[in-house]
Amino acid sequence: MTETTVRGSGECDASSEARLPDALAASLAALGAASVDGLGEAELLEVVALLESTKGAASALQARATERFVEQRDGLVSAAVAREELSDRQASLQRRAARSEVALARRVSPGQADRHVGVARALVHELPCTMAALTAGQISEWRATIVVRETACLAAADRLEADRRLSGCLTTLGDQGLSRAAHRVCADLDQAALVERRRRAAASRRVGVRPAPDGMAWLSVLGPVAEVVGAYAALRSAERGRHVATGDARVDAERAADERGEGAWLADTALELLSGRAEGQPQPVEVALVMSEAALLPGVAPASDGPASVAPASVAQTSVAPAGGEQVEVPGFGAMPPETAREMVLRLLDGADADDAASSGVWLRRLWTSPGGHELVAMDSTRRLFHGGLRRFVELRDQGCRVPWCDAPARQVDHVEAFARGGETSAANGLGVCQRHNLDKEQPGWSAEVLASGLDPGGGRPHEVVLSTPTGVESRSLAPPPLGHGRGAIGQVSTGPVPAGPMEVSHPDVLWSPLEVRLGELFAA
């Protein structure tokens, strides 16, 4: 490894006595050992201010290091393309993989790393005044990002001028004021660029969903302002119309009995229209609920460690639990109160045909956990691709992309050891990853290895994979607990060590669990 020191100007000095990583590690250790005990009020505030400046200066150095790393790696790729050793597609994949290495170093998702790389390049090459203020600790990384974001539509020469004009207000305006000032400068320098920016923004319209507190979720629609405002106005108009008498006694009586507020009615109506449901009809799509038997059916005697059950539709994914352990998890969204989960399942059961249990949309699928309930254990396949139950098992086990700090959904299930190199299509050799990381791990210098299969019936280690990058950095990934981090084993309220020693484990499909017996009785009643 070449030992270099990255100076404030971005130059390297190989003759420096101290390596920059060592100096930074020593500074980090000093900060970690520092104490504020005995300081007066003025000194405490001075520490707060100095640390804020330190964060800004550190962000500037991090930006220069990021830009230099990406520049060197992109230069190697470009040279290989010039020698016709790489195709354009291979070059693109290797450049993206380099940015994924930045993501692992910064402990963020690849998408965030892409933005950090863009900010670093702009600060180093096109915004010298903003970079100088950040290096001096006069502004934060976020304020520098605002300038980068608002001036991104300008050509290089105009961006330099915008940077010069904004230099006088970088340290005086608030975040919103700085954003508005940058927008005015862009409008003065190149109005056509702003128009083109808005045209490109319209092409990025999309719909997204993200979790919210208390068992809720946000459904967002990004679209042209006229279209979005028009849709919202139509909903508001329909809401106001529900208070107008129709002349139909039954309809008017139902409307009068509706006690929902304006916000609740708007949300319910929008969701019903988007999903194609009639008013009051339960949502028939699959939402995974990981829950204990005690949470789904209070009073049912739990069995010993063994099968876990999953019911798609409002999927009740249940598992055998000790008495009193009521825990529920929505994979990818977080915890949910057991009472809410029971209501979701019962809402589907209420509309079921007594002679057709399948009409309820509630299905039970068995999964298996280790004796401690800390990890799922299951099946193998001889197929090349992950399909059916095996794919669903890996998706439930991994709950998202397994690469550290990547919160993206696991769009793909792939082999840790490539099938072409003899890797099996099995739960042990399967890994849930996003499309980006699935391509990254196939690039030169990247490798992945299974350290623990997670299939030990004696309750051993959970599934573990180590990912190595071209620079030799290793990142380990453990499969998350079925009920999410921050909890013990399935159905256990208190946390503690996994029981040691061999334990008797039942075999799948030999006996029905008490939960399955109870649900069978409910359907037969």
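Reading the values: rules and limits
- Residues numbered from 1 in each chain as written.
- Predicted model: local features only at pLDDT ≥ 70, side-chain atom pairs only at ≥ 80, totals over all residues.
- Heavy atoms only, no water.
- Helix = DSSP H or I, 4+ residues; strand = E, 2+ residues; numbered from the N terminus.
- Buried < 20%, exposed > 50% of the residue type's maximum accessible area, 1.4 Å probe, protein only.
- Contact = heavy atoms within 4.5 Å.
- Areas by Shrake-Rupley, 256 points an atom, 1.4 Å probe, with all protein chains shown as cover.
- Polar contact = N/O pair within 3.5 Å; in protein donor to acceptor, adjacent residues only side chain to side chain.
- Patch = residues over 30% accessible without salt bridge, like charges linked within 9 Å, V, L, I, M, F, W, Y side chains within 5 Å.
- Salt bridge = Lys/Arg side-chain N within 4 Å of Asp/Glu carboxyl O.
- Lys, Arg positive; Asp, Glu negative; His and termini not counted.
- Charge placed at Lys NZ, Arg CZ, Asp CG, Glu CD.
- 1 Å grid on protein atoms, 1.4 Å probe; cavity = no way out; pocket = protein on both sides within 12 Å on 5 of 7 lines; lining within 4 Å.
- Points joined across faces, edges and corners; volume = space filled by probe spheres on them.
- Nonpolar A, V, L, I, M, F, W, Y, C, P; charged D, E, K, R; others polar.
- Axes fitted to C-alpha atoms, helices over the stretch in contact; angles between N-to-C directions.
- Left-handed = near helix turned anticlockwise from the far one by under 90°.
- Pairing = 2+ DSSP bridges.
- pLDDT = per-residue confidence, 0-100.
- Core = buried A, V, L, I, M, F, W, Y, C linked by side-chain atoms within 4.5 Å.
- Parallel < 35°, antiparallel > 145°, perpendicular 65-115°, else oblique.

### Some thoughts on the overall build of the protein chain
Right, on to step 1. Along its length, the protein chain carries 17 helices and 16 strands.
Right, on to step 2. Residue burial in the protein chain is summarised as follows: out of 525 residues, 37% are buried.
Right, on to step 3. If you take every contact in the protein chain between residues at least 6 apart in sequence, the share linking residues at least 24 apart comes to 63%.
Right, on to step 4. By element, 55% of the accessible surface of the protein chain is carried by carbon and sulfur atoms, the whole surface being about 29,300 Å².

### What about the side chain of asparagine 429?
Right, on to step 1. Turning to its location among the elements, asparagine 429 is positioned in the loop between strand S12 (425–426) and strand S13 (430–433).
Right, on to step 2. Within the structure, the side chain of asparagine 429 is placed 2.8 Å from the backbone oxygen of glutamate 424, a separation counted as a polar contact.
Right, on to step 3. Every residue in contact with asparagine 429, bar those within four places of it in the chain, is listed here: Phe386, Asp414, His415, Val416, Glu417, Gly423, Glu424 and Val450.

### Points about a negative patch on the surface
Right, on to step 1. A cluster of acidic residues, Glu417, Glu424, Glu449 and Glu474, forms a negative patch on the protein surface.
Right, on to step 2. Inspection of the secondary structure puts glutamate 474 in strand S16 (residues 474–478).
Right, on to step 3. Residue classification places glutamate 474 among the exposed positions, given a relative accessible area of 53%.

### A short note on empty space enclosed by the protein
Right, on to step 1. Applying the stated criterion to the full structure yields four cavities of 30 Å³ or more.
Right, on to step 2. Taken together, Arg402, Val403, Pro404, Leu431, His437, Lys441, Ala448, Val465, Leu467, Ser475 and Ser477 make up the full set of residues lining the largest cavity.
Right, on to step 3. At the level of secondary structure, the elements contributing two or more residues to the lining of the largest cavity comprise strand S15 (464–468) and S16.
Right, on to step 4. Split by residue class, the lining of the largest cavity holds six nonpolar, three polar and two charged.

### Considerations on the packing of helix H10 (residues 225–241) against helix H12 (residues 262–275)
For any two helices packed against each other, the geometry is given by the interaxial angle and the distance between the axes.
Right, on to step 1. Taken N-terminus to C-terminus, the directions of H10 and H12 make an angle of 115 degrees; their axes are 10 Å apart at the nearest point. Seen from above, H10 lies across H12 with right-handed handedness. Of the residues in H12, those in contact with Tyr232, Leu235, Arg236, Ala238 and Glu239 of H10 are Glu262, Trp265, Leu266, Thr269 and Ala270.
Right, on to step 2. Looking at the contact of H10 with H12 residue by residue, the classes come out as six nonpolar, one polar and three charged.

### A look at the sheet that holds S16
Right, on to step 1. In spatial order, the strands read S14-S15-S16; together these three strands make up an open sheet with antiparallel pairing. For this open sheet the edge positions go to strand S14 (447–452) and S16, each flanked by a neighbour on one side alone. Looking at each pair of strands side by side, their axes are set apart by 25 degrees on average, direction ignored.
Right, on to step 2. For S14 and S15, the ladder comprises five bridges, and the chain directions are antiparallel. By the bridge assignment for S15, glutamate 449 is matched with valine 466.

### Describing the confidence of the model for the protein chain
Right, on to step 1. With 68% of its residues at a pLDDT of 70 or more, the protein chain shows a mean pLDDT of 77.
Right, on to step 2. Here residues 378–382 is modelled with pLDDT under 50, and outside its nearest four sequence neighbours on either side it reaches 12 contacts, counting other chains as well.
Right, on to step 3. Under a pLDDT of 50 for its full length, residues 490–513 has, in the predicted model, 47 contacts with residues more than four places off or in other chains.

### Section: the pairing of S16
Right, on to step 1. Burial along S16 is one-sided: Ser475 and Ser477 are buried, while Glu474, Arg476 and Leu478, pointing the other way, are not.
Right, on to step 2. Where S15 folds back onto S16 in an antiparallel hairpin, the turn is made up of five residues, including glycine 472, whose phi is positive at roughly 90 degrees.

### Section: the nonpolar core
Right, on to step 1. Leu123, Leu134 and Leu166 are the most contacted members of the largest nonpolar core, which has 28 residues in total.
Right, on to step 2. With five residues, helix H8 (residues 175–189) is the single largest residue contributor to this core.
Right, on to step 3. Setting aside residues up to four positions removed in sequence, leucine 134 forms contacts with Gly56, Ala57, Ser59, Ala60, Leu123, Ile139, Ser140, Glu141 and Ala144.
Right, on to step 4. Counting residues in each nonpolar core, the second largest holds 12 residues, with Cys401, Cys406, Cys434 and Val465 among its members.

### So, unusual backbone geometry
Right, on to step 1. Of note, glutamate 84 is a non-glycine position whose phi angle comes to about 65 degrees, a positive value.
Right, on to step 2. A relative accessible area of 73% places glutamate 84 in the exposed class.
Right, on to step 3. Unusually for a residue other than glycine, glutamine 399 sits at a positive phi of about 65 degrees.
Right, on to step 4. Structurally, glutamine 399 can be placed in the loop between helix H15 (388–398) and strand S11 (412–415).
Right, on to step 5. Looking at glutamine 399, the relative accessible area reads 22%, which means it is partly exposed.

### Focus on the environment of arginine 402
Right, on to step 1. Along the chain, arginine 402 falls in the loop between H15 and S11.
Right, on to step 2. Overall, the relative accessible area of 5% leaves arginine 402 in the buried class.
Right, on to step 3. Here the alpha-carbon distance between arginine 402 and alanine 479, two residues 77 residues apart in the chain, equals 7.3 Å.
Right, on to step 4. Beyond its immediate chain neighbours, meaning those up to four positions away, arginine 402 contacts Arg397, Leu431, Gly432, His463, Glu464, Val465, Ser477, Leu478, Ala479 and Pro480.

### Topic: the packing of helix H2 (residues 41–82) against helix H5 (residues 128–135)
Right, on to step 1. Contact geometry of H2 with H5 gives a least axis separation of 7 Å together with a crossing angle of 130 degrees. When the interaxial angle is binned, H2 and H5 end up oblique. Where H2 abuts H5, its residues Gly56, Ala57, Ser59, Ala60, Ala63 and Arg64 lie against Met131, Leu134 and Thr135.
Right, on to step 2. Considered class by class, the residues forming the contact of H2 with H5 number five nonpolar, three polar and one charged.

### Some thoughts on a nonpolar patch on the surface
Right, on to step 1. A contiguous nonpolar surface patch, about 650 Å² in accessible area, is contributed by Val207, Val209, Leu219, Val221, Val228, Leu271 and Leu274.
Right, on to step 2. Elements with a contribution of two residues or more to the nonpolar patch: strand S1 (206–212), strand S2 (216–222) and H12.
Right, on to step 3. Looking at the secondary structure, you find leucine 274 in helix H12.
Right, on to step 4. For leucine 274, a relative accessible area of 63% corresponds to the exposed category.

### Looking at the pattern of salt bridges
Right, on to step 1. All told, the structure shown has 28 salt bridges when counted by the stated rule.
Right, on to step 2. The shortest N-O distance in the salt bridge between glutamate 141 and arginine 106 comes to 3.4 Å. Of this pair, glutamate 141 sits in helix H6 (residues 141–150) while arginine 106 sits in helix H3 (residues 88–106); the two residues are 35 residues apart in sequence, bridging distant segments of the chain.
Right, on to step 3. Of the residues examined, glutamate 141 reaches a relative accessible area of 26% and is grouped as partly exposed.
Right, on to step 4. Residues joined in a network through salt bridges with shared partners are Glu239, Arg242, Asp258, Arg260 and Asp268.

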